[in-house]
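Listed here are the chains, written in short residue letters.
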Amino acid sequence: MLAKSVIEEVLDAALQTGGDFSEVFVEDRYVNHLSLQAGKVDSSVTGRDFGVGIRIFKGLQSVYAYTTDASRDGLLKAAKKAAEAIQSNQVISRLPLQKEVISSLHPIEISPKEVEKLRKVNVMKKAYEIAKNYHSSVQQVTVRYMDEEQNVLIANSEGKFIEDRRVRSRMAIQSIAARGGQMESGYYAPAAHQGFEFMENMNLEHYSNEASRIAVTMLDATPCPSGKFPVIIDNEFGGVIFHEACGHGLEATAVAKNNSVFANRIGEKVASELVTYIDDGTLKNDWGSINIDDEGELARKNTLIKNGILTGYLIDKFNGRRMNMPSTGSGRRENYRFAPTSRMTNTYIAPGKSTPEEIIANTENGIYTKYMGGGSVNPTTGDYNFAVMEAYLVKNGKLTTPLKGATLIGNGPKTLQLVDMVGNNLAHGAGLCGSSSGSIPVNVGQPMVRISEMTVGGRKGE
C-alpha cells in the first residue's frame, strides 16, 4: 500500500521534535451502497476512499494528522507539521520495522467487488417481495444493501508493521404497515464480517417476514403503561441496552479520565452474580469482529465482568498510558480521519441456565421487550433511556397485549445489579456505534434476561 522505505521516513520525521512514539495508518476502502423502494433501485453509490493517518505521542500528549496525499513529499509534510506540536530536546530512534503476517479469523469466500450489481439487486428484490407480501396492510418496504472492503496497513516506531483486509456486508429491511390512518414500522438489519456469500446464504424469509411482522403487530398495540415493573428483555439486539449502559462505561476512553462509574473498581461486585459480560473480537465472521484492531494489536476475547465482579476494561494504546495498563486489542476508528480510541467489538452477556419459557412463566406482572430501538447513555453517571420497537404486557406468566410507545429508563450499574434471571438463548444483533473515533460496526448480544424492576415510560394512567 506504501513503500516500506517511505513509511520509515515518515515515522522518523514524526519523531524529530522529541515524540516518544509515532504511527502510520494507511487505509484503502471500497464501498457500495444500494437502496430499493417500491421494488425498484432508487439509488446506487460506489466509492473509493484512500488516506493516511499519522499519530505522535509524547508522554500523555497525543497529536494526530491525516492526509489524502500519499506521495513521499506529502506524507513527510504532514508528519513534520504534526511534530511541530511537540517540543522536546530528547529525540529517540524508532525500532526496525518487522513485518507481521496474520491468518484471517474471518474467511471471505466471495469478494463483493467481484459481484455484479444485478446479482446484488436480485437478492434485494427477493427480500422486498417477501416483506411486501407478508400482509395486505404492508404499504411500503425499503431494502438497503451495503458492502465494503477496507485494506489497512499499520506501522509504528515500536517496530510494528502489519496489514489487514476487512470485508463486511449488510442488508437492512424496513416495512411500514398502515390501517385506518395509523402507521407502524418494523426493521431488521442482519450483517456480517463476510463477503457476498453472506447475502446468498441469508435466511431472507426470516428477516423479511420479521420486519413486516413487527410493523403489522404494532397496528394492534395499545399504549404502554408507565411505572416500575419487572422487565424481560429478549435476546439478540436486546443487548444494546447493556452496550450503552455498561459497555461504554468500560471503555478506557471514559475510564482513564475517571469519567465512568466503573473507574478504579477492578475486583468489585458491580453486577448480579448471574452476569458475565464479554467483548470478543474473534467470533468467526461476526459483524463486529476483527483480525487486528486499528493499532495493529491482535483481536482477543476480553472478559469484563465475571459472575458480577469487574475484571477488566477495554483499553487502547494511548489510554493505556494514562492507566498504566496494556492494550486489550480495542483501539478502533471509523477511518483514517480519526485517531483510534478504545471501542467495543462483539459485546454480550454470557448465557445462563434459565429457558425463555421459564423466565416468562415466572413473571406475574411485567413488560416483555422483544426488539429494542435506539437509546442514549451518560457514561459518567450511567443513566440511560431507550425506545422499544416491540413490547408486550406480561400477565400471570403469559404474554398478552402488544404495547407501543414504551421507553426504558434507568441507571446502568443499578440495572446490572437487578438482573435476576438469565436465559440460555444467546444471540447477537448487528449495529453501528458512534463515539469519538467515529462510527464503527459492532455486535450487541445477550440471551433473554429479566430485570427485577425498571422504570418504564409510557402513557400515564394506562
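Model, not experiment: these values are computed from the prediction.

What counts, and where the lines are drawn
Residues numbered from 1 in each chain as written. Predicted model: local features only at pLDDT ≥ 70, side-chain atom pairs only at ≥ 80, totals over all residues. Heavy atoms only, no water. Helix = DSSP H or I, 4+ residues; strand = E, 2+ residues; numbered from the N terminus. Rg over C-alpha atoms; globule rule 2.2 N^0.38 Å. Buried < 20%, exposed > 50% of the residue type's maximum accessible area, 1.4 Å probe, protein only. Expected span 1.5 Å × (residues − 1). Contact = heavy atoms within 4.5 Å. Pairing = 2+ DSSP bridges. Disulfide = S-S within 2.5 Å. Domains from an automatic or database assignment. Buried area = accessible area lost by both parts, 1.4 Å probe. Salt bridge = Lys/Arg side-chain N within 4 Å of Asp/Glu carboxyl O. Polar contact = N/O pair within 3.5 Å; in protein donor to acceptor, adjacent residues only side chain to side chain. Nonpolar A, V, L, I, M, F, W, Y, C, P; charged D, E, K, R; others polar.

Right, let's get into the overall build of the protein chain. A count of helical and extended segments in the protein chain gives ten helices and 24 strands. Radius of gyration (C-alpha) of the protein chain: 24 Å, near the 23 Å computed for a compact globule of 462 residues. Taking the principal axes of its C-alpha atoms as reference, the protein chain extends roughly 70 × 55 × 35 Å. A burial count over the protein chain gives 57% of its 462 residues as buried.

This part is about helix α1 (residues 4–15). Over its twelve residues, α1 runs 17 Å from end to end, which matches the ideal 16 Å to within 8%, given 1.5 Å per residue. Buried residues of α1: Val6, Ile7, Val10, Leu11, Ala13, Ala14 and Leu15, and no others. Residues of α1 that are buried sit in contact with β1 (21–37), β2 (40–58), α2 (72–83), β5 (138–156) and β6 (160–179).

What follows concerns the sheet that holds strand β13 (residues 309–310). With mixed pairing, the six strands of this open sheet are ordered in space as β13-β12-β11-β16-β23-β22. The two strands at the open ends of the sheet, each matched to only one other strand, are β13 and β22 (427–435).

Right, let's get into the state of the cysteines. Evaluation of the coordinates by the stated rule reveals zero disulfides. Here Cys246 is not disulfide-linked; the sulfur of Cys433 is the nearest cysteine sulfur, at 13 Å. Judged by its relative accessible area of 0%, Cys246 is buried. Take Cys433: its relative accessible area is 4%, and that puts it in the buried class.

The figure often quoted for interface size is the accessible area lost as the parts come together. Annotation of the protein chain at the domain level lists domain 1 (4–220) and domain 2 (223–457). Computed over C-alpha atoms, the centres of domain 1 and domain 2 are 22 Å apart. Between domain 1 and domain 2, the buried area comes to about 3,900 Å², and carbon and sulfur atoms account for 54% of it. The largest per-residue losses of area from domain 1 upon contact with domain 2 belong to His106, Arg168 and Met218, which jointly make up 14% of the total buried on that side. Scanning the region where domain 1 abuts domain 2 turns up seven salt bridges. A salt bridge links Asp49 to Arg337, with the nearest nitrogen and oxygen atoms 2.7 Å apart. Across the domain 1-domain 2 interface, the total number found is 29 residue pairs in polar contact (both at pLDDT 80 or more). Looking at the side of domain 1 that touches domain 2, the elements with two or more residues in it are β1, β2, β3 (61–67), β5, β6, β7 (182–188), β8 (191–192) and α5 (204–218). Here the side of domain 1 that touches domain 2 is composed, by residue class, of 21 nonpolar, 18 polar and 19 charged.

Here Ser157 shows up in the loop between β5 and β6. Ignoring anything within four residues of it in the chain, the contact list for Ser157 reads Leu11, Leu15, Asp20, Phe21, Ser22, Arg94 and Leu95.

As a further point, take unusual backbone geometry. With a phi angle near 50°, Asn307 is a residue other than glycine that sits in the positive phi range. Residue position: Asn307 is located in the loop between β12 (301–306) and β13. Residue Asn307 is classed as partly exposed on the basis of its relative accessible area, which comes to 45%. Look at Asn396: it is not a glycine, yet its phi comes out positive at around 50°.

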